[in-house]
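# Reading the structure
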Amino acid sequence: MLKEKIRKLASEYAGDLVNIRHHLHANPELSYKEFETSAFVRQKLEEYGIPCEIKAVTGVLGLIKGKNPDKRVIALRADMDALPIKEENNVPYRSKNEGVMHACGHDVHTTCLLGASRILNELKNEWEGTVKLIFQPGEEKNPGGASIMIREGVLENPRPSAILGLHVHPQLEVGRYRFRGGKIMASADEIYITIRSKGGHAAAPQQTADTILIASQLVVALQQIISRNKNPFSPSVLSITSFQGGYTTNVIPSEVKLMGTFRAMDEQWRFEAHTLIRKLATELVQSMGAEIDLHIDVGYPTVYNNEKLNAIAEAAAAEYAGADNVEESELRMGAEDFGYYSQVIPGCFYRLGAGNEAKGITAGVHTPTFNIDEEAIELGAGMMAWLGATVEMR
Ligand code: NI
């Protein structure tokens, strides 16, 4: 049976895959600079006998044809970039690139997709259709590598009927998987505000506009958009994360800068909120006598899991891993550029358990001590191969 064959190959390749993960982990590269990683991925695919091409400078697109290649086309996606974090793990495969770390597990995602590719290619006479392998750059940084890969045509010729992607989850025990239909992750937009006045003597505030006070009012007022304008049933977050201005006790500074992030689960509300943020900020600051520059850097869209595809993928996952090991995913206000794919074709983004409380593997993603239980690699590669070979979206 195909399932057993996949399981067997995943177990056979597991040692190799762990070595691949160690290599990637030791040699992390920042977003859009994944040159070595990209060359490594291409080298591996060629080694396996899988044709591939370069997309979006450091992205890689591979193609595996099974029996009746036109019958169904499915895309599998992995991201390859690392983060500007200094690794604190004391492991033999610790980052050799000082200040850069695979702290979001994209080394694991790339490894799982390489493993799935090898398995699918080995068994290509045993499943039907075509599997597209998307190794993308720049998940961690706007505009998001996914948007560039799409622009470069990875979802065309042939057009997949669905795309699947995974993320390791250290708060989920290894061996477990999470799926959820509908909205699953938030959109993320960045807010940049500069408030200006002519500044002046702190003893004579009447002669200027107090940028510190105005910025303080604005930070508080912006929260009203979330608490008073938003539908209470739709999750959304606005956090002002940086407040910079002033340098001494007796001067009202001529400039204060604010930065923040805005997240939403609803695309319509998201853009309504942008309008509200702009109007409130501009009118409040001007009414208090200062000037404002406001820029909203529009980031990733919400990640939407097609309900039907998710149900199909979840059932397939339960068949592979046992129903007891598949559970419902929680909503998260984090963002993922996978959302771009799911705006074009049905997408399903699922979570791969990678934590192990008994072994003390619990550190969250984006922390300097993030790591995984490496049992997750064999499981993740096998599951991805199984979904790639069987999921069909009609
Ligand atoms: Ni990530």
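Being a predicted model, the structure only gives us computed values, none of them experimental.

Criteria and thresholds
- In every chain, residue numbers begin from 1 and rise along the written sequence.
- Two thresholds apply to this predicted model, a pLDDT of at least 70 for residue-level local features and 80 or more for giving and counting side-chain atom pairs, whereas whole-chain, interface and lining totals are computed over all residues.
- Side-chain measures here rest on the full set of heavy atoms in the structure, leaving out hydrogens and waters.
- Under the scheme used here, helices are H or I runs from DSSP no shorter than 4 residues and strands are E runs no shorter than 2 residues, and both carry numbers assigned from the N terminus.
- As used in this structure description, the phrase polar contact means that two N or O atoms lie within 3.5 Å; if the pair is within protein, one of them must be able to donate a hydrogen and the other to accept it, and residues adjacent in sequence are counted only when both atoms belong to side chains.
- The pairing criterion for strands is at least two bridges between them, as found by DSSP.
- Only the stretch in contact is used when a helix axis is fitted, and all axes are lines through C-alpha atoms; the angle between N-to-C directions ranges over 0 to 180 degrees.
- Throughout, a residue-residue contact means that at least one pair of heavy atoms, one from each residue, lies within 4.5 Å.
- Take the buried residues of types Ala, Val, Leu, Ile, Met, Phe, Trp, Tyr and Cys, join any two whose side-chain atoms come within 4.5 Å, and each joined set is a nonpolar core.
- Partly exposed describes any residue whose relative accessible area lies between the buried limit of under 20% and the exposed limit of over 50%, with all areas from a 1.4 Å probe on protein chains only and scaled to the type maximum.
- The rule for donors is simple: an N, O or S atom within 2.8 Å of the metal counts, and for Na, K and Ca the reach is 3.2 Å. Water is not among the atoms, so a site may look short of donors.

## Some words on the side chain of Q136
By the element assignment, Q136 lies in strand β4 (residues 130-136). Polar contacts involving the side chain of Q136 include one to the side chain of R77, which spans 3.1 Å.

## A look at the sheet that holds strand β13 (residues 291-297)
Spatially, β10-β12-β8-β13 is the arrangement adopted by the four strands of the open sheet, whose pairing is antiparallel. Each end of this open sheet is capped by a strand with a single partner; those strands are β10 (236-245) and β13. Looking at each pair of strands side by side, their axes are set apart by 15 degrees on average, direction ignored. Relative to strand β12 (residues 255-264), β10 runs antiparallel, the two being bridged by nine bridges. Across the sheet, the residue bridging to S236 is A264, located in β12. Each of β8 (187-196), β10 and β12 is contacted by helix α5 (residues 211-229), which is oriented at about 175 degrees to β10, the strand it contacts most.

## Quick notes on the nonpolar core
What tends to happen in soluble globular proteins is that the nonpolar side chains get buried as a cluster. Judged by nonpolar contacts, the single largest core of 67 residues is most densely connected at F135, L164 and M383. Other than its neighbours up to four places away in sequence, M383 contacts Y177, A317, Y320, A321 and Y350.

## Considering the pairing of strand β16 (residues 347-355)
In terms of burial, β16 is a largely internal element, nine of the nine residues being buried. Judged from the eight bridges that link them, strand β5 (residues 162-173) and β16 form a sheet pairing that is parallel. Its bridge partner lying in β16, G165 is registered against F349. Where strand β6 (residues 177-179) lies against β16, two bridges are found, and the strand directions are antiparallel. Each bridged residue has a counterpart across the sheet, and for R178 the counterpart in β16 is R351.

## Concerning the coordination of the nickel ion
At this site the nickel ion is bound by C104 (SG), H106 (NE2) and H167 (NE2), with donor distances of 2.2 to 2.3 Å. One chain supplies every donor for the nickel ion, spaced along it as C-x1-H-x60-H. Here H106 is found in helix α3 (residues 106-122), whereas its partner H167 is found in strand β5, with 61 residues between them in sequence. The exposure class of H106 is buried, given its relative accessible area of 0%.

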